[in-house]
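Here is what each chain is made of, one letter per residue.
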Amino acid sequence: MSELNYKLIRTARKTVAIQIKPDKTIIVRAPKRMSKEQIYRLVQSKEKWIQKHLNELENHSEEDCQPLSEEDMKALADKAVKIIPERVRYYAPLIGVTYGKITIRNQRTRWGSCSSKGNLNFNCLLMLAPPEVLDSVVVHELCHRKEMNHSKQFYEEVRRVFPEYDKWNGWLKTYGPDLMKRMSTKD
């Protein structure tokens with residue numbers, strides 16, 4: 001077993017979370033009361049998972065980080081206008097909700113949002129992610145039509161409709177920052 005170097009952050013949380021940043025930094029968030037030995041053993045037990053994600057980052061090509069031109073952004077938005085409403089129409093009946101207007105945006109900080117009136121906004125950069133990531137964001141926003149919060153009930157509904165939500169949301173947390181950096185700096 002190799003020695004994994006990680007940054008430990010102590011919090012008031014009840015469980016341990018492991019995050020791998022795009023720069024390959026391993027962040028471990030752990031309860032304040034958990035011993036360093038327990039944390040070390042847990043991290044070592046997740047070594048295969050950590051190595052798999054580090055390898056995926058290694059295989060991330062230079063092209064995946066190049067800034068997008070205004071033309072590229074327009075093409076992504078045009079593609080999103082066709083694809084995202086189809087995914088919303090597919091999932092809304094499965095969740096049992098209605099929705100208002102769907103807007104595609106070039107957002108720098110959000111992947112999607114849902115207003116109290118049921119209007120949905122989605123980031124065109126989702127077109128650069130795997131289709132499952134897009135579906136996870138669509139389901140997340142549609143579930144806000146039932147729960148306008150991030151409660152336990154909200155996430156239970158999300159996982160009921162999209163059981164692999166955590167996996168694809170994890171993908172977005174890992175690779176999403178790189179996608180956001182590709183956005184054209186001109187507004």
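Residues numbered from 1 in each chain as written. Predicted model: local features only at pLDDT ≥ 70, side-chain atom pairs only at ≥ 80, totals over all residues. Heavy atoms only, no water.

(A) Representation of the pairing of strand 6 (residues 120-123) in the model. The two faces of strand 6 match: Leu120 and Phe122 on one face and Asn121 and Asn123 on the other face are all buried. The pairing of strand 5 (residues 112-114) with strand 6 spans 3 bridges and is classified as antiparallel. If you follow glycine 112 over to strand 6, its bridge partner there is phenylalanine 122. In this structure, the hairpin formed by strand 5 and strand 6 is closed by a connection of 5 residues, where glycine 118 is found at a positive phi of approximately 90°. (Buried < 20%, exposed > 50% of the residue type's maximum accessible area, 1.4 Å probe, protein only. Helix = DSSP H or I, 4+ residues; strand = E, 2+ residues; numbered from the N terminus. Pairing = 2+ DSSP bridges.)

(B) Region of interest: the sheet that holds strand 4 (residues 102-105). Spatial ordering of the open sheet is given by 4-6-5, a layout of 3 strands whose pairing is mixed. Since the sheet does not close on itself, it has two edges, and those belong to strand 4 and strand 5, each with one partner. Across the sheet, the axes of successive neighbouring strands diverge by a mean angle of 15°, strand direction being ignored. Most of the contacts of helix 3 (residues 70-95) go to strand 4, to which it runs at about 145°, and overall it touches strand 4 and strand 6. Packing against the sheet, helix 4 (residues 131-143) makes contact with strand 5 and strand 6, and its axis sits at approximately 160° to strand 6. (Axes fitted to C-alpha atoms, helices over the stretch in contact; angles between N-to-C directions. Contact = heavy atoms within 4.5 Å.)

(C) Fine view of the packing of helix 3 against helix 4. Two elements in contact, helix 3 and helix 4, have axes whose closest approach is 9 Å; the angle formed by their N-to-C orientations is 50°. The angle between the axes of helix 3 and helix 4 places the two elements in the oblique class. In the packing of helix 3 onto helix 4, the handedness of the crossing is right-handed. Facing helix 3, whose interface residues are Ile83, Ile84, Arg87, Val88, Tyr91, Ala92 and Ile95, helix 4 presents Leu134, Asp135, Val138, Val139, Leu142 and Cys143. Broken down by class, the residue content of the contact of helix 3 with helix 4 amounts to 11 nonpolar, no polar and 2 charged. (Parallel < 35°, antiparallel > 145°, perpendicular 65-115°, else oblique. Left-handed = near helix turned anticlockwise from the far one by under 90°. Nonpolar A, V, L, I, M, F, W, Y, C, P; charged D, E, K, R; others polar.)

(D) View of the packing of helix 4 against helix 6 (residues 165-181). Interaxial distance between helix 4 and helix 6 falls to 9 Å at its minimum, and their mutual angle equals 110°. It follows from the interaxial angle that helix 4 and helix 6 lie roughly perpendicular. Touching Glu132, Val133, Ser136, Val137 and His140 of helix 4 are Tyr165, Trp168, Asn169, Trp171 and Leu172, all from helix 6. In terms of residue class, the contact of helix 4 with helix 6 is made up of 6 nonpolar, 3 polar and 1 charged.

(E) Fine view of the nonpolar core. Grouped together as the largest cluster of nonpolar side chains are 40 residues, with contacts concentrated most on Phe122 and Leu142. For this core, the secondary structure elements donating two or more residues are helix 3, strand 6, helix 4, helix 5 (152-161) and helix 6. Ranked by the residues each element gives to this core, the list is headed by helix 3, at 9 residues. Once residues within four sequence positions are removed from consideration, phenylalanine 122 is found in contact with Ile84, Val88, Ile102, Thr103, Ile104, Arg105, Gln107, Trp111, Gly112, Val137, Val138 and Glu141. Core analysis: the next-biggest nonpolar cluster, separate from the first, contains 10 residues, Ile26, Val43, Ile50 and Leu54 among them. (Core = buried A, V, L, I, M, F, W, Y, C linked by side-chain atoms within 4.5 Å.)

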